[in-house]
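Breakdown of the fold
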Amino acid sequence: MSFDIGEIHPNTPHLFADLAELLLLTGFNGKKAIHKNDLEAVLLRGPISHEEIDDEEAETNLAKSGAERNVRSERQLEEVMMQLEYRSRALDTFYPFQIDGEELVILDELNEKHRIYFFLLACSRLRSFGREGLPQKWAKSFTKISKFAMTGLLPTHATVRIFDANSDDRKNYYTTDLRIALKTLGRDLSVLKINEDECGKAGPSGDAGLDLVAILNFEDGAANAFALLGQCGAQETGWPKKTLEAHSMRYRHFFQMQFDYPAVMFTPVCYRTVDGEWCNNQSTNGILLADRGRILKLLELQNQWKEIAESDWFITFEGELSTISAAE
């Protein structure tokens, strides 16, 4: 199976950097390194994403010569290399690559941290893995790894479950019927009142926009447990539109709550500038954002690498990834 490069984002360094890493991971040139010149060839051949096509055409029209266009391309490539250098510094032992001059090199010895990085990297560009059902399968697995990460945000005596409609937790604990699942959730949250009529209107299917729930229940009969509500976005550019799907305000018609529970957005994207800032702070409004670096940090704090790497779903992922290659 081939890795499909598809549209590229020449003016979005963190996404272009993901493409560079994935090309190397899937054997773009049959080597363990990819040079800046290889990325230039991809840049020149690849179609520009629809989000950037207008800006790219405008800049091209403004350029008075081929030399000016080359300067622009060189700047785009330099920004990608700077992004990769940032990752090498900031992610340190998590990072499965190193920078050698103008080359990105994959490490010879890969450990469990590196393998999990590869999983998050693949989930950040699922559109390039076109096999029928594969993106959906890996997105479901991303929710599982987000569950591991979410346990790091609360003490060990808290309970974390997946509320997503197709999860084992949903089938075995909440039930697949959303109307019943919402009532169970309300009881776990110790809300003042569950609006059963509104829960009934939700219908039997779906997850009401909620992927993860972490609850610290005092079990003392008083209203309100403490909880975190989580949403997972294994999407390259679409995840910012999902950030408020798990916000408490979306559940006020189901439950009478005395305060809004914090919401967490998990994305496999490394959503950083070269200074470590968010690429756009607007995408973090109203939620705690856990991007690739923060997910890795949360896993590190709990030393969960071995448990994840030995999970059936992760072993399956690695087997599937091994069958994919990038054409030159």
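The preceding data block contains the structure.
Here goes a summary of the coordinates provided. In every chain, residue numbers begin from 1 and rise along the written sequence. In view of the model being predicted, local features appear only for residues whose pLDDT reaches at least 70, and side-chain atom pairs are presented and counted only at 80 or more, with totals across whole chains, interfaces and linings using the full set of residues. Here the side-chain values reflect all heavy atoms present in the structure, with hydrogen atoms and water set aside.

Attention shifts here to the overall build of the protein chain. Secondary structure follows DSSP: runs of H or I at least 4 residues long count as helices, runs of E at least 2 residues long count as strands, and numbering of each begins at the N terminus. Counting secondary structure elements, the protein chain contains twelve helices and twelve strands. Rg of the C-alpha trace for the protein chain: 22 Å, near the compact-globule value of 20 Å for 328 residues, within the 12% margin. Taking the principal axes of its C-alpha atoms as reference, the protein chain extends roughly 70 × 45 × 35 Å. Counting the 328 residues in the protein chain, one finds 50% classified as buried. With the model as given, the accessible surface of the protein chain reaches about 15200 Å², and the carbon-plus-sulfur share is 47%. Residues counted as positive are Lys and Arg, residues counted as negative are Asp and Glu, and His and the chain ends are not counted. Note that the charge is assigned to NZ on lysines, CZ on arginines, CG on aspartates and CD on glutamates. Distance between charge centres in the protein chain, computed from 36 positive and 51 negative side chains, equals 5 Å. It is over C-alpha atoms that the radius of gyration is taken, and the globule rule equals 2.2 Å times the number of residues to the power 0.38. We call a residue buried when its accessible area falls under 20% of the maximum for its residue type, exposed when it is over 50%, and partly exposed in between, using a 1.4 Å probe and counting protein chains only. Using a 1.4 Å probe, accessible areas were evaluated by the Shrake-Rupley method; residue-level cover was limited to the displayed protein chains.

Before going further, it helps to spend a moment on the nonpolar core. Among the buried residues, those of types Ala, Val, Leu, Ile, Met, Phe, Trp, Tyr and Cys that are joined through side-chain atoms within 4.5 Å form a nonpolar core. Ranked by internal contacts, the top residues of the largest apolar core, which has 69 residues, are Leu23, Trp138, Phe142 and Phe266. Sort the elements by how many residues they give to this core and helix α5 (residues 112-123) lands first, with eight residues. Every residue pair with non-hydrogen atoms within 4.5 Å of one another is taken to be in contact. Those residues in contact with Phe266 that sit more than four places away from it in its chain are Phe142, Ser146, Ala149, Met150, Leu153, Leu212, Gln231, Cys232, Gly233, Ala290 and Ile295. If you look at the next biggest cluster of nonpolar residues, it comprises 21 residues, including Leu178, Val191, Leu210 and Phe255.

Right, let's get into the side chain of Ser128. Structurally, the position occupied by Ser128 is in the loop between α5 and α6 (134-150). Taking the relative accessible area as the measure of exposure, Ser128 reaches 0% and is therefore buried. By the criterion applied in these results, polar contacts are pairs of N or O atoms within 3.5 Å in which, for protein atoms, one can donate a hydrogen and the other can accept it, and in which residues neighboring in sequence qualify only through two side-chain atoms. A polar atom in the side chain of Ser128 sits 2.6 Å from the backbone oxygen of Asp4. A distance of 2.9 Å separates polar atoms of two side chains, one belonging to Ser128 and the other to Arg125. For Ser128, the residues in contact, after removing those within four places along its chain, are Ser2, Phe3, Asp4 and Ile5.

We define a salt bridge as a contact between a side-chain nitrogen of Lys or Arg and a carboxyl oxygen of Asp or Glu at a distance within 4 Å. Scanning all chains against the criterion turns up 21 salt bridges. Arg179 is the partner of Asp177 in a salt bridge, and the nearest nitrogen-oxygen pair spans 2.8 Å. Asp177 sits in the buried class, given a relative accessible area of 18%. Arg179 sits in the partly exposed class, given a relative accessible area of 31%. Here Lys183 makes a salt bridge to Glu196, at a shortest N to O gap of 3.9 Å. Of the two residues, Lys183 sits in helix α8 (residues 178-188) while Glu196 sits in helix α9 (residues 196-201), which places them 13 residues apart along the sequence. The exposure class of Lys183 is partly exposed, given its relative accessible area of 24%. Salt bridges sharing partners connect three or more residues here, namely Asp18, Glu21, Arg87 and Arg292.

Further remarks concern the environment of His9. On the secondary structure map, His9 appears in the loop between β1 (2-3) and α1 (13-25). Residue His9 is classed as buried on the basis of its relative accessible area of 6%.

Turning next to α8. Taken residue by residue, α8 has Leu178, Ala181, Leu182, Thr184, Leu185, Gly186 and Asp188 as its buried positions. Turning to α8, the residues buried within the fold contact β5 (159-162), α7 (168-174), β6 (193-194), α9, β7 (212-216) and β9 (255-256). Positive phi shows up at Ser190, right after α8, with a value of about 55°.

Here the focus is the sheet that holds strand β2 (residues 33-35). The pairing criterion is simple: DSSP has to find at least two bridges between the two strands. Taken in spatial order, the three strands of this open sheet run β2-β4-β3, and their pairing is antiparallel. Two strands in the sheet have a free side with no partner beyond their single neighbour: β2 and β3 (97-100). Each strand axis lies, on average, 20° off the axis of its neighbour in the sheet, ignoring direction. Taken together, the four bridges between β3 and strand β4 (residues 103-106) define a ladder with antiparallel strand orientation. In the sheet register, Gln98 faces β4, and the bridge partner there is Val105. The strands touched by α1 within the sheet are β2, β3 and β4, with β4 carrying the most contacts at an inclination of about 50°. Working convention: axes come from line fits to C-alpha atoms, limited for helices to the stretch in contact. Angles between N-to-C directions cover 0 to 180 degrees.

Stacked, tilted and edge-to-face are the three classes applied to pairs of Phe, Tyr and Trp rings, where Trp contributes its six-membered ring and a pair requires centres within 6.5 Å; stacked means planes under 30 degrees apart, edge-to-face means over 60, and tilted covers the rest. A complete count under the given rule lists 20 aromatic pairs for this structure. On the numbers, 5.4 Å between centres and 65° between planes, the contact of Tyr95 with Phe97 is edge-to-face. Members of the aromatic cluster, connected to one another through ring pairs, are Phe3, Phe119, Phe129, Trp138, Trp313, Phe314 and Phe317. For a Lys NZ or an Arg CZ to count as sitting over a ring, it must be within 6 Å of the ring centre and within 35 degrees of the ring normal. Directly above the ring of Tyr173 sits Arg161, whose terminal nitrogen or CZ lies 3.6 Å from the centroid.

Nothing here speaks to function; it is all geometry.
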